[in-house]
Amino acid sequence: MSELVQAFIAHLLRIQETDRGALAHLRRSLSFEPGNYPRAYPYVEQFVGKDRLSDDPWRKALYLTAGLFALHPVQQSNVSFASAFGRMGHERNNKSIEQRFIALLDGGPDGLPFHLRQAISLLAADSRGVDYVALLEDLARWLNPHNVETHDRLRRQWARDFYHAFDPQAGVEAA
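Just so we're clear, the structure is a prediction, and the values are computed from it rather than from any experiment. (Residues numbered from 1 in each chain as written. Predicted model: local features only at pLDDT ≥ 70, side-chain atom pairs only at ≥ 80, totals over all residues. Heavy atoms only, no water.)

**Student:** Provide a residue-level description of the pattern of salt bridges, including the pertinent values.
**Tutor:** Counted under the stated rule, the structure contains nine salt bridges. Here D126 and R128 are joined by a salt bridge, their closest N and O atoms 2.6 Å apart. Between R153 and E149 there is a salt bridge, with its nearest N and O atoms 3.0 Å apart. Remark: E149 and R153 occur in helix α9 (residues 148-166); sequence separation between them is four residues, near one turn of the helix. Residue classification places R153 among the partly exposed residues on the basis of a relative accessible area of 42%. Accessibility expressed as a relative area gives 56% for E149, which makes it exposed. If you follow the salt bridges from partner to partner, you end up with E91, R92, D126 and R128 in one network. (Salt bridge = Lys/Arg side-chain N within 4 Å of Asp/Glu carboxyl O. Helix = DSSP H or I, 4+ residues; strand = E, 2+ residues; numbered from the N terminus. Buried < 20%, exposed > 50% of the residue type's maximum accessible area, 1.4 Å probe, protein only.)

And the structure:
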């Protein structure tokens, strides 16, 4: 899946450079359940695969990632969403960032788009990029309702990434 993921993010980067209208449609798609805004179809559907159903986790992850990218089109390789969010909370010395992150982890797949939209908006206001390749791969696993174990593992990984960035001294004290 990684080549397809990289191709999709490259596609979004090209859109960012050439088609502001497309970015507006993708941003607007965040107001709908992922994959349910027809004006976003021309920019995403070609990456879905013809055999996937409308509620397929991969399809939803593509649409959610496209909308989040359009909201803040700053790709920064090797910077996970969780670590970028944690670093921002650390540098701002802001506990509400931590509370938002916990709400994101605690919420189910239905609330995930809302919480991510809010978090990406905060990262955009702070001029922080994220690795959308990694985010898309994570969301494809997160949104799969049939793989609870993977979902839990991913939540723990995001928590580790967040807290290592949010409180860099915590790991040093425990050692």
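**Student:** Break down the side chain of R59 for me, citing the residues and quoting the values.
**Tutor:** Mapped onto the elements, R59 comes out in helix α4 (residues 57-71). Discounting chain neighbours no more than four positions away, the residues touching R59 are G35, Y41, E45, V48, L53 and S54. (Contact = heavy atoms within 4.5 Å.)

**Student:** Now, about the packing of helix α1 (residues 2-18) against α4: what can you tell me, with residues and values included?
**Tutor:** How two helices sit against one another is set out by the angle between their axes and by the gap between those axes. In contact at an axis separation of 11 Å, α1 and α4 are set at 30 degrees when each is read in the N-to-C sense. Classed by the angle they form, the pair α1 and α4 counts as roughly parallel. The way α1 lies across α4 gives a crossing that is right-handed. Contacts between α1 and α4 pair L4, V5, F8, I9, L12, L13 and Q16 from the former with W58, L62, T65, A66 and F69 from the latter. (Axes fitted to C-alpha atoms, helices over the stretch in contact; angles between N-to-C directions. Parallel < 35°, antiparallel > 145°, perpendicular 65-115°, else oblique. Left-handed = near helix turned anticlockwise from the far one by under 90°.)

**Student:** Describe in detail empty space enclosed by the protein, supporting the description with residues and values.
**Tutor:** The tally for this structure, following the rule as stated, stands at two cavities of 30 Å³ or more. The calculated volume of the largest cavity comes to roughly 40 Å³. Along its surface, the largest cavity is lined by S29, L30, F32, P34, Y63, L64 and P113. Along the lines of polarity and charge, the residues of the lining of the largest cavity split into six nonpolar, one polar and no charged. (1 Å grid on protein atoms, 1.4 Å probe; cavity = no way out; pocket = protein on both sides within 12 Å on 5 of 7 lines; lining within 4 Å. Points joined across faces, edges and corners; volume = space filled by probe spheres on them. Nonpolar A, V, L, I, M, F, W, Y, C, P; charged D, E, K, R; others polar.)

**Student:** Break down the packing of helix α5 (residues 81-92) against helix α6 (residues 95-106) for me, citing the residues and quoting the values.
**Tutor:** Look at α5 against α6: their axes get within 9 Å of each other, and the N-to-C directions meet at 155 degrees. On the basis of the axis angle, α5 is roughly antiparallel to α6. From α5, F81, A82, F85, M88, G89 and R92 reach across to α6, where they touch I97, R100, F101 and L104. Residues of the contact of α5 with α6, tallied by class, amount to seven nonpolar, one polar and two charged.

**Student:** I'd like a rundown of α6, residues and numbers included.
**Tutor:** An ideal rise of 1.5 Å per residue puts 16 Å on 12 residues; α6 measures up with 16 Å between its terminal C-alpha atoms. Buried within α6 are the following residues: I97, E98, F101, L104 and L105. Down the axis of α6, the smallest arc covering the buried residues is 120 degrees, so these residues share one side. Those residues of α6 that are exposed and aimed more than 90 degrees away from the buried face are K95, Q99 and D106. Contact partners of the buried residues in α6: α5, α7 (112-125), α8 (132-142) and α9. (Expected span 1.5 Å × (residues − 1). Arc of directions from axis to C-beta.)

**Student:** Just give me the short version of α4, but keep the residues and values in it.
**Tutor:** Its 15 residues place the ends of α4 21 Å apart at the C-alpha level, agreeing with the 21 Å of an ideal helix rising 1.5 Å per residue. Across the 15 residues that make up α4, a large majority, 14, are buried. Two or three places before W58, at the opening of α4, D56 has a side-chain oxygen 2.8 Å from that residue's backbone nitrogen. (Polar contact = N/O pair within 3.5 Å; in protein donor to acceptor, adjacent residues only side chain to side chain.)

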